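# Understanding the architecture of this molecule
Here's the letter readout for the chains.
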Amino acid sequence: MTLNRSLVPLGALLIAASLVWASPASADEWECDLGFYAWLCGIDGTIGILDASGSPVDAAFSDLAEFLDFAGAMYFEARKPKFAVQTDLNYVNLGETRQAQVGASLVDVDVNFVQYIWEVGGAYRLTPKVGAWLAGRLYSMSAEADFQGSPLDERSQTWADIYVGASFRTHL
């Protein structure tokens, strides 16, 4: 796997812009926050191809970083005195191409993993610092393996959750 060199400046820009941008607002105007962040996570579970029994995998972020094709995460929130809306998006694409010996030939095997999480919600602000939230979150994961450019196996799963919560906002 080679890192797409055009993604390096984009990644540097996202890291540099990771401080939250906030717009000032008067008492009845929208106040907005936009932030970019990194979610440094690993994988722990079982992985397999086709219907064969899987193999355990336990990989820390430092193990996965070399396989990172692209990742991005952002958060946006807009608030008025009594209401707020927000969205949060997280996307990760991992991939690797390896050569394997099949008979007398070396063949390419490509493995890719894509995950995204998208959240959207709204809140009623009980006070300027406390809000009661109703939100939904969509999760999607897919893994695929290609053998010499032909699909070998592809699995994906998408699900959604609805949840309620509370927030507390203060300046540090």
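Structure: see above.
Below: a short report on this structure. (Residues numbered from 1 in each chain as written. Predicted model: local features only at pLDDT ≥ 70, side-chain atom pairs only at ≥ 80, totals over all residues. Heavy atoms only, no water.)

## Structural notes on the overall build of the chain
Tallying secondary structure elements over the chain gives two helices and nine strands in all. Start at the N end of the chain and walk to the C end: the helices and strands fall as α-β-β-β-β-α-β-β-β-β-β. When the accessible surface of the chain is summed, it comes to about 11,600 Å², and 63% of that surface belongs to carbon and sulfur atoms. (Helix = DSSP H or I, 4+ residues; strand = E, 2+ residues; numbered from the N terminus. Areas by Shrake-Rupley, 256 points an atom, 1.4 Å probe, with all protein chains shown as cover.)

## Concerning the pairing of strand β5 (residues 68–79)
As paired strands, strand β2 (residues 31–36) and β5 are joined by six bridges and run antiparallel to one another. Residue pairing in the sheet places phenylalanine 36 in a bridge with methionine 74 of β5. As defined by bridge partners, β5 adjoins strand β6 (residues 83–102) across 11 bridges and the pair is classed as antiparallel. From the neighbouring strand, alanine 71 faces β6, where its bridge partner is valine 92. Counting the residues in the hairpin turn of β5 and β6 gives three residues. (Pairing = 2+ DSSP bridges.)

## Let's talk about the side chain of aspartate 146
Within the secondary structure, aspartate 146 is located in strand β8 (residues 130–147). Summary of buried charges: aspartate 146 has no salt-bridge partner, and the nearest side chain of opposite charge, arginine 155, is 12 Å away. Among residues more than four places away in sequence, those in contact with aspartate 146 are Asp108, Val109, Asp110, Pro151 and Leu152. (Buried < 20%, exposed > 50% of the residue type's maximum accessible area, 1.4 Å probe, protein only. Lys, Arg positive; Asp, Glu negative; His and termini not counted. Salt bridge = Lys/Arg side-chain N within 4 Å of Asp/Glu carboxyl O. Contact = heavy atoms within 4.5 Å.)

## A short note on a nonpolar patch on the surface
Taken together, Leu89, Tyr116, Trp118 and Val120 make up a surface patch of nonpolar side chains, about 340 Å² in accessible area. Take tyrosine 116: it is sitting in strand β7 (residues 105–125). On the basis of relative accessible area, tyrosine 116 is assigned to the partly exposed category, the value being 31%. (Patch = residues over 30% accessible without salt bridge, like charges linked within 9 Å, V, L, I, M, F, W, Y side chains within 5 Å.)

## Here's the deal with a negative patch on the surface
Negative charge collects at one region of the surface, where Asp44, Asp58, Asp63 and Glu66 lie side by side. Within the fold, aspartate 58 resides in strand β4 (residues 55–59). (Charge placed at Lys NZ, Arg CZ, Asp CG, Glu CD.)

## Regarding the environment of glutamate 31
For glutamate 31, the location among the structural elements is in strand β2. Take glutamate 31: its relative accessible area is 30%, and that puts it in the partly exposed class. Residues glutamate 31 and glutamate 77, 46 residues apart in the sequence, show an inter-C-alpha distance of 8.2 Å.

## Comments concerning the environment of tyrosine 116
Counting along the chain gives 23 residues from tyrosine 116 to tyrosine 139, while the straight-line C-alpha distance between them is 6.0 Å. Ignoring anything within four residues of it in the chain, the contact list for tyrosine 116 reads Asn90, Tyr91, Leu138, Tyr139 and Ser140.

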